[in-house]
Amino acid sequence: MEGLFKTSLKTNQPVLIIYMAENLEITDRNIIARKIAKDYIRAYCLKRGKLQTFKRENILAAAKPRQKQGVRYA
């Protein structure tokens, strides 16, 4: 997971995270890391359109976003 955040910080590419909010709601977010700290990730959230702080303990999973497949016509 750490490697994905470092790559995002360096390349400005998004990372897909599964995140549990304080109210226990689980959401998926595409984020671009801006700061990596011991207890949190400060990132631009593409879903909300703003900088947000994500507690590491609440990040349940992280992965590279899936590439969208282009539509092919016969």
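Coordinates for the structure precede this section.
A brief report on the enclosed structure follows. Residues take numbers from 1 onward in each chain, read along the sequence in its written order. Predicted model: local features are reported for residues with pLDDT of at least 70 only, side-chain atom pairs are reported and counted for 80 or more only, and whole-chain, interface and lining totals are derived from all residues. Side-chain measures here rest on the full set of heavy atoms in the structure, leaving out hydrogens and waters.

## Remarks on the overall build of the protein
Each helix and strand in the protein was counted, giving one helix and five strands. A run of DSSP states H or I qualifies as a helix once it reaches four residues; a run of E qualifies as a strand once it reaches two. Both are numbered from the N-terminal end. Shown N-terminal to C-terminal, the secondary structure of the protein runs as helices and strands in the order α-β-β-β-β-β. C-alpha extents for the protein along the principal axes are approximately 50 × 30 × 20 Å. When burial is assessed residue by residue, the protein has 24% of its 74 residues classed as buried. Of the contacts made within the protein by residues no fewer than 6 positions apart, 38% connect residues no fewer than 24 positions apart. When the accessible surface of the protein is split by element, carbon and sulfur atoms take 51% of a total near 5700 Å². Of the charged side chains in the protein, 16 are positive and 6 negative, and the gap between their average positions amounts to 10 Å. Residue burial is assigned from relative accessible area. The probe radius is 1.4 Å, only protein chains are included, and a residue is buried under 20% of its type maximum, exposed over 50%, and partly exposed in between. The contact definition used throughout considers only heavy atoms, calling two residues in contact when any of these lie within 4.5 Å. Note on areas: Shrake-Rupley, 1.4 Å probe, and residue coverage restricted to the protein chains presented here. Charge assignment in this entry is limited to Lys and Arg as positive and Asp and Glu as negative, and neither His nor the chain termini are counted. Charge coordinates come from a single atom per side chain, which is NZ of Lys, CZ of Arg, CG of Asp or CD of Glu.

## Details of the pattern of salt bridges
A side chain of one charge can pair with a side chain of the opposite charge when the charged atoms of the two come close. In what follows, salt bridge is the name for a side-chain nitrogen of Lys or Arg lying within 4 Å of a carboxyl oxygen of Asp or Glu. The tally for this structure, following the rule as stated, stands at two salt bridges. Here K55 and E22 are joined by a salt bridge, their closest N and O atoms 3.0 Å apart. Taken as a pair, K55 in strand β4 (residues 50–55) and E22 in the loop between β1 (15–20) and β2 (26–36) lie far apart in primary sequence, 33 residues in all. For K55, a relative accessible area of 36% corresponds to the partly exposed category.

## Focus: the environment of E25
Looking at where E25 falls in the secondary structure, it is placed in the loop between β1 and β2. Excluding residues within four positions of it along the chain, E25 makes contact with Y19 and M20.

## A few points about the sheet that holds strand β3 (residues 40–45)
Overall, antiparallel pairing links the five strands, which are arranged β4-β3-β2-β1-β5 in an open sheet. Among the strands making up the open sheet, the edge pair consists of β4 and β5 (59–63). For this sheet the average axis-to-axis angle between neighbouring strands, irrespective of direction, equals 45°. Should DSSP find at least two bridges between two strands, the strands are taken to pair. One ladder, built from five bridges, connects β2 with β3; its direction is antiparallel. Paired with I36 across the bridge in β3 is I41. Helix axes are fitted to C-alpha atoms over the stretch in contact, other axes to C-alpha atoms as well, and angles between N-to-C directions run from 0 to 180 degrees.

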